[in-house]
Amino acid sequence: FRFPFSLEMESSVCMDGTPAAYHLDRGSGAGNKSWIVNLEGGGWCNNARTCRFRTRTHHGSSNFMERQIIFTGIMSASSAENPDFYNWNRVKIRYCDSASFAGDAFDKGTGLYFRGQRIWEEAIRHLLSIGMASADRALLTGCSAGGLAAILHCDQFGAFFAGRSTTVKCLADAGLFLDAVDVSGGRSLRSYYGDIVAMQGVAPHLPPTCTDHLDATSCFFPQNIIDNIKTPIFLLNAAYDVWQIEESLAPSKADPSRAWRACKFNRSACNASQINFLQDFREQMVASVRGFSGSKSNGLFINSCFAHCQSELPATWNGTPTIQNKRIAKSVGDWYFGRAEVKAIDCPYPCDNTCRNII
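This one's a predicted model, so the numbers in the text were calculated from it and none came from an experiment.

### Looking at the packing of helix α6 (residues 242–249) against helix α8 (residues 272–288)
And step 1. Contact pair α6 / α8: the axes reach a minimum separation of 12 Å and the direction vectors enclose 110 degrees. As summarised for this structure, α6 and α8 are arranged roughly perpendicular, according to the angle between their axes. Of the residues in α8, those in contact with Gln-244, Ile-245 and Leu-249 of α6 are Phe-277, Leu-278, Phe-281 and Met-285.
And step 2. Classifying every residue of the contact of α6 with α8 by side-chain character gives six nonpolar, one polar and no charged.

### Things to note about α6
And step 1. Burial within α6 is extensive, with six of its eight residues counted as buried.
And step 2. Of the residues making up α6, those classed as buried are Val-242, Gln-244, Ile-245, Glu-246, Ser-248 and Leu-249.
And step 3. Buried residues along α6 sit in contact with α4 (188–199), β9 (233–238), α7 (261–265) and α8.

### Thoughts on the pattern of salt bridges
And step 1. For the structure on display, the rule yields 16 salt bridges.
And step 2. Among the ionic pairs, Arg-90 bridges to Asp-25, the shortest N-O distance being 3.1 Å. Of this pair, Arg-90 sits in strand β4 (residues 89–93) while Asp-25 sits in strand β2 (residues 20–25), placing them 65 residues apart in sequence. Side by side, Arg-90 and Asp-25 carry an identical accessibility label, which is buried.
And step 3. Across the pair Lys-296 and Glu-341 runs a salt bridge whose closest N-O atoms are separated by 3.0 Å. Here Lys-296, found in the loop between α8 and β10 (299–303), pairs with Glu-341, found in the loop between α10 (328–336) and β13 (343–345); they are 45 residues apart in sequence, far enough to count as distant.
And step 4. Using a relative accessible area of 66% as the deciding quantity, one classes Lys-296 as exposed.
And step 5. Exposure remark for Glu-341: the relative accessible area of 45% places this residue in the partly exposed category.
And step 6. Each of the salt bridges in this network shares a partner with another, and the network as a whole consists of Asp-84, Lys-326, Lys-330, Asp-334 and Arg-339.

### Re the pairing of β9
And step 1. The element β9 is extensively covered by neighbouring structure, given that six of its six residues are classed as buried.
And step 2. The alternating pattern of β9 places Ile-233, Leu-235 and Asn-237 on one face and Phe-234, Leu-236 and Ala-238 on the opposite face, and all of these are buried.
And step 3. Sheet analysis places strand β8 (residues 167–173) next to β9, joined by four bridges and oriented parallel. Among the inter-strand pairings, Cys-170 is bridged to a residue of β9, identified as Ile-233.
And step 4. With five bridges connecting them, β9 and β10 associate as parallel partners. By the bridge assignment, Leu-235 is partnered in β10 with Leu-300.

### Digging into the side chain of Asp-182
And step 1. When you line up the elements, Asp-182 lands in the loop between β8 and α4.
And step 2. It turns out Asp-182 is buried and unbridged, and the closest side chain with the opposite charge, Arg-187, is 8.7 Å from it.
And step 3. Not counting chain neighbours up to four residues away, the residues in contact with Asp-182 comprise Arg-187, Ser-188, Ser-248, Leu-249, Ala-254 and Phe-277.

### Quick look at the nonpolar core
When a protein is soluble and globular, its nonpolar side chains tend to lie buried together.
And step 1. Of all hydrophobic cores here, the largest spans 78 residues; its most connected members are Ile-93, Ile-124, Met-132, Phe-157, Phe-220 and Leu-235.
And step 2. Sort the elements by how many residues they give to this core and helix α3 (residues 145–160) lands first, with nine residues.
And step 3. Beyond its immediate sequence surroundings of up to four residues, Met-132 is in contact with Trp-35, Val-37, Ile-124, Leu-127, Phe-157 and Phe-161.
And step 4. Ranked by size, the runner-up nonpolar core spans 21 residues in total, among them Ile-36, Phe-71, Trp-317 and Tyr-336.

### Things to note about the packing of aromatic side chains
And step 1. On inspection of all chains with the given rule, the structure shows 25 aromatic pairs.
And step 2. When the ring of Phe-177 is compared with that of Tyr-193, the centres are 6.5 Å apart and the planes differ by 75 degrees; the resulting orientation is edge-to-face. Placement of the pair is Phe-177 in the loop between β8 and α4 and Tyr-193 in helix α4, with a sequence separation of 16 residues.
And step 3. Judged by relative accessible area, Phe-177 falls into the buried class, the value being 0%.
And step 4. Residue Tyr-193 is classed as buried on the basis of its relative accessible area, which comes to 0%.
And step 5. Residues Tyr-193 and Phe-221 carry aromatic rings whose centres are separated by 4.8 Å and whose planes lie at 45 degrees to one another, so their mutual orientation is tilted. Here the residue Tyr-193 occupies a position in helix α4, and Phe-221 occupies one in the loop between α5 (208–211) and β9, the gap between them amounting to 28 residues. Residue Tyr-193 shares its accessibility class with Phe-221, and that shared class is buried.
And step 6. Grouped by ring-pair contacts, the aromatic residues Trp-44, Phe-177, Tyr-192, Tyr-193, Phe-220, Phe-221 and Trp-243 constitute a single cluster.
And step 7. We note Lys-169 situated over the ring of Trp-335; from NZ or CZ to the ring centre the distance is 5.1 Å.

Cut-offs and rules
- Residues numbered from 1 in each chain as written.
- Predicted model: local features only at pLDDT ≥ 70, side-chain atom pairs only at ≥ 80, totals over all residues.
- Heavy atoms only, no water.
- Axes fitted to C-alpha atoms, helices over the stretch in contact; angles between N-to-C directions.
- Helix = DSSP H or I, 4+ residues; strand = E, 2+ residues; numbered from the N terminus.
- Parallel < 35°, antiparallel > 145°, perpendicular 65-115°, else oblique.
- Contact = heavy atoms within 4.5 Å.
- Nonpolar A, V, L, I, M, F, W, Y, C, P; charged D, E, K, R; others polar.
- Buried < 20%, exposed > 50% of the residue type's maximum accessible area, 1.4 Å probe, protein only.
- Salt bridge = Lys/Arg side-chain N within 4 Å of Asp/Glu carboxyl O.
- Pairing = 2+ DSSP bridges.
- Lys, Arg positive; Asp, Glu negative; His and termini not counted.
- Core = buried A, V, L, I, M, F, W, Y, C linked by side-chain atoms within 4.5 Å.
- Phe/Tyr/Trp six-rings, centres within 6.5 Å; stacked < 30°, edge-to-face > 60°.
- Lys NZ or Arg CZ within 6 Å of the ring centre and 35° of its normal.

Encoded structure:
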């Protein structure tokens, strides 16, 4: 449990103008000079109505944030649950901007602040000032919208340690959101991301190695970024990511006949053609990391589970699923500390009986 410390800088505010915040659990012993910075996830908003709604939750206002939260999985202080990182300084930066910490805009009409990029930069500068500058090791992590944020900000994180001997790496859990065709033949997620990028002023903060040849919306998709990230990064993702199945592949708007309604919430209700559609989605995910996996410094764990976010749940982080009998915690630790190269891609569903499927 750790209290959030407000970032009082005037510009790093949540959507309603309240101060951004983070939670910190200090490291000890051998982990005293090692830091995990975790970017909280929690979806996005793409218009005034949905963003205004979020200001009445902890995703848009620090007024609604818990004073204390429990750190679990990769954030846990238990050596049994989290053998490689339990004694590190562990930080969770709360998510209240709704654009994966990447926007910088103010909407006069609604009075909403979109200051994710400033929250990110000021939080990291603050952490550097309270000890992270002398870190031997640093790891940027996040899950879902936070996983996307870890991808978008990975090289920026590395740049904060330029000229130092710090080992800097990134882990993106369930952040590999694909620019995929939905069940109606449209691109629901692309349309949604386009709204976010435009409304929140995201474009200037996207990786220039992408925006120098692609439009800003394309550069909010990891598949167009990951090959050019210089900082070592580990991608942990379920090949049948349930958020993407429900919100990108078969959202209600793309499925007016409700043919996918049962399947998207219960894999055993899918017919053969629906399973084939999902297998094609897995193929797209595997193809999207082909170039990325060619780098020796990168890591990969893509399992054939119906899941979303696996690094912060104790059962999935250091229990099951496994690929070739290796747990996620061991895979990430081996990669981070250079004990082994980790490029694990599971066989297609339904071959993996170690999954903790959530649909």
